[in-house]
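# Examining the three-dimensional arrangement
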Amino acid sequence: PVDVVTLGETMALVAATTTGSFAVGAPARISFGGAETNVAIGLSRLGHSATWIGRLGADPLGHLVKDALRGEGVDVSHVRTDTEVPTGLMLREHRTADRVRVSYYRRGLAGSRLAPADVDTDLVAAARVLHVSGITPALSESARAAVHTAVDAARAVGVPVSFDFNYRAALWSVTEAGAAFRELVAAADLVFAGDEEAAMVVPAGSVEEVAKELAALGPAQVVLKRGAAGAYAVVDGESFTEPALAVSLIDPVGAGDAFVAGYLSATLDGLDPAQRLRRGNVCGAFAVSVAGDWEGLPRRSELATMDATENVAR
Ligand code: ATP
């Protein structure tokens, strides 16, 4: 049995390594990313077993993603190769020093064709946690159905469901997403959201009010990710707050997924809520202070490096 099963879309990435518009001959870095594989990699690096369910194309980018995940120790035996369409792709320009522009080539492509038949319900039912994100139900009708197949399989046997809002404005409206998220919050045991995302489902208010309202919909644990302000949680009716770590911001993308990996890891380790928030914050700090969506995620032996008072360890 696996610690965490997750499912979703992962795309290849071409990221400019210099500032400005894409141009012929400009240097770029090839990688990949997707919220759920970011979480799976984070968990694997922390020593947990993680299975990612998703679709990739039968093309070089599909191989790149699968090989890299395998290299990270993520179980890819449930990844389906879709021979009809290619792997999705993201292009990231560092348009100016402060503005990143991401273009997506995903509609109708492999990742978005995830379907209920791709979900091994026995695998989900044997996991310690099922993790899903709010991106997947926005991709296609079949992807949305796949999320529900997995969630239903988990709930049927009491496997805790973890749900991260991950609202993507380019994919659907606040109204549409809000309705879908409300359903998933009610089905989840553990919910992650940003303050603004939470207000898509419950009335806007203070952090405490919003978290309490979300918890009232059912989940035993509600965690609000608050960027440089750290994180706040309501766990079994009790509230906890932990500050973020002071680090240099290099690349904010992936911080949320890193946080989720850290929080889930501490939960699997049986740590208390404050320690779960702390490990989430540490992983978020690693993610924002290294370039790449997931490349900076810590291994278990590195978690304590954020406590060091010296910049150089030797
Ligand atoms: P994204 O969608 O960009 O991946 P998010 O909006 O889901 O991120 P954030 O709240 O921005 O999530 O960040 C998640 C966590 O990462 C925070 O709770 C915090 O622990 C850490 N973090 C984010 N930004 C910073 C920062 N500037 N300094 C230190 N830690 C940070």
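The paragraphs below set out a description of the structure included in this document.

The rules behind the values
Residues numbered from 1 in each chain as written. Predicted model: local features only at pLDDT ≥ 70, side-chain atom pairs only at ≥ 80, totals over all residues. Heavy atoms only, no water. 1 Å grid on protein atoms, 1.4 Å probe; cavity = no way out; pocket = protein on both sides within 12 Å on 5 of 7 lines; lining within 4 Å. Points joined across faces, edges and corners; volume = space filled by probe spheres on them. Helix = DSSP H or I, 4+ residues; strand = E, 2+ residues; numbered from the N terminus. Nonpolar A, V, L, I, M, F, W, Y, C, P; charged D, E, K, R; others polar. Expected span 1.5 Å × (residues − 1). Buried < 20%, exposed > 50% of the residue type's maximum accessible area, 1.4 Å probe, protein only. Arc of directions from axis to C-beta. Contact = heavy atoms within 4.5 Å. Pairing = 2+ DSSP bridges. Axes fitted to C-alpha atoms, helices over the stretch in contact; angles between N-to-C directions.

### What about the layout of surface pockets?
Approximately 1100 Å³ is the volume attributed to the largest pocket. If you trace the largest pocket, you find 45 residues lining it, with Pro252, Val253, Gly254, Ala255 and Gly256 closest to the centre. Looking at the lining of the largest pocket, the elements with two or more residues in it are helix 1 (35-45), strand 7 (89-94), strand 8 (100-105), strand 11 (190-194), helix 9 (255-268) and helix 10 (273-288). Counted by class, the lining of the largest pocket contains 21 nonpolar, 13 polar and 11 charged residues.

### A closer look at helix 2 (residues 60-71)
Over its 12 residues, helix 2 runs 16 Å from end to end, which matches the ideal 16 Å to within 8%, given 1.5 Å per residue. Of all the residues in helix 2, the buried ones are Gly62, Val65 and Leu69. Along the long axis of helix 2, the arc covered by the buried residues comes to 65°, so they all point the same way. Pointing more than 90 degrees away from the buried face of helix 2 are the exposed residues Pro60, His63 and Gly71. Those residues of helix 2 that are buried are in contact with strand 3 (28-33), helix 1, strand 4 (50-53) and strand 5 (55-57). Gly73 sits one or two positions beyond helix 2 and adopts a positive phi of about 85°.

### Regarding the sheet that holds strand 11
Pairing in this open sheet of 8 strands is mixed, and the strands run 4-1-9-10-11-12-13-14 from one edge to the other. If you trace the sheet from one side to the other, it starts and ends with strand 4 and strand 14 (238-242), each paired once. Between one strand axis and the next, the sheet turns through 15° on average, direction left out of account. In this fold helix 8 (residues 207-216) packs onto strand 12 (221-225) and strand 13 (231-235), with an angle of close to 145° to the strand it touches most, strand 12.

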